[in-house]
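# A closer look at the structure
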Amino acid sequence: DGYKKITINVASDYRHLPNRIVYFPDTVGKSMNCYLSLENGATFSYSTGAEHSEDIDLGIYRVNQYDGNGDLTGYKWYVYSLAADPSPFTPYDISSWTKRATLFASPQGNANEFRDKLTTGSYIETEAGKKTIDKKSIEISINKYAYFRTPEGKYGALMINAITDDYLERPFINMGIKILP
């Protein structure tokens, strides 16, 4: 064969943005990146979000869970669209921000499905089209993914890989995104 070298570059018909870190909001310093753009994976804090609000698709927050004695037993975690009215996360006033009306479907599936089944843009779009994508806020959990639709009509899926703390004990979500261009 003459030892010719052939290079083939394959362009995917969707973008994969793995390992995005989004921190839970800090209501004192307001400096944790708790907002995310699904288009490019950029994150923003409350302090930096206003000037980029036209790019922000979602925010995250958590709610404390207590037992009958008033002892903290854990949390419930949520992803929400900035277009949710009223805003489910009230400590931050985003009333003057641009509100992208990104919508979500109820979480489903697992990491294996996200990795093995959502492998083409047409498959993601077909499967997302079968779901009811009408929620402005969803409860999330580890090892589940949720389809979404941006205001421009772009479909995608958001995978929750982990909900944990960093070495400074700041809670965050690690998520992966697959979105059509």
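Residues numbered from 1 in each chain as written. Predicted model: local features only at pLDDT ≥ 70, side-chain atom pairs only at ≥ 80, totals over all residues. Heavy atoms only, no water.

### Focus on a nonpolar patch on the surface
Together, Ile6, Ile8 and Val10 make up a nonpolar patch on the protein surface, roughly 410 Å² of accessible area in all. Within the secondary structure layout, Val10 lies in the segment before strand E1 (15-23). The exposure class assigned to Val10 is exposed, which follows from its relative accessible area of 75%. (Patch = residues over 30% accessible without salt bridge, like charges linked within 9 Å, V, L, I, M, F, W, Y side chains within 5 Å. Areas by Shrake-Rupley, 256 points an atom, 1.4 Å probe, with all protein chains shown as cover. Salt bridge = Lys/Arg side-chain N within 4 Å of Asp/Glu carboxyl O. Helix = DSSP H or I, 4+ residues; strand = E, 2+ residues; numbered from the N terminus. Buried < 20%, exposed > 50% of the residue type's maximum accessible area, 1.4 Å probe, protein only.)

### Let's talk about helix H3 (residues 121-129)
If you check which residues of H3 are buried, you get Gly121, Ile124, Glu127 and Ala128. Along the axis of H3, the buried residues cluster in a sector spanning 140 degrees; they form a single face. Here the buried face of H3 lies against strand E8 (144-149), strand E9 (155-165) and strand E10 (171-179). (Arc of directions from axis to C-beta. Contact = heavy atoms within 4.5 Å.)

### Overview of the packing of aromatic side chains
On inspection of all chains with the given rule, the structure shows eleven aromatic pairs. With a centroid separation of 5.7 Å and 20 degrees between ring planes, the pair formed by Tyr46 and Trp97 is classed as stacked. Within this pair, whereas Tyr46 is found in helix H1 (residues 46-49), its partner Trp97 is found in the loop between strand E5 (72-80) and strand E6 (103-104), the two being separated by 51 residues in sequence. On the basis of relative accessible area, Tyr46 is assigned to the buried category, the value being 19%. Here Phe114 and Tyr145 contribute two aromatic rings whose centre-to-centre distance is 6.0 Å and whose plane-to-plane angle is 50 degrees, an arrangement assigned as tilted. One end of the pair, Phe114, is in helix H2 (residues 111-116); the other, Tyr145, is in strand E8, with 31 residues separating them in the sequence. Of the aromatic side chains, those joined through ring pairs into one cluster are Tyr35, Tyr46, Tyr61, Tyr78, Tyr80, Phe89, Tyr92 and Trp97. A cation over an aromatic ring shows up here: Arg62 above the ring of Phe24, its NZ or CZ 5.9 Å from the ring centre. (Phe/Tyr/Trp six-rings, centres within 6.5 Å; stacked < 30°, edge-to-face > 60°. Lys NZ or Arg CZ within 6 Å of the ring centre and 35° of its normal.)

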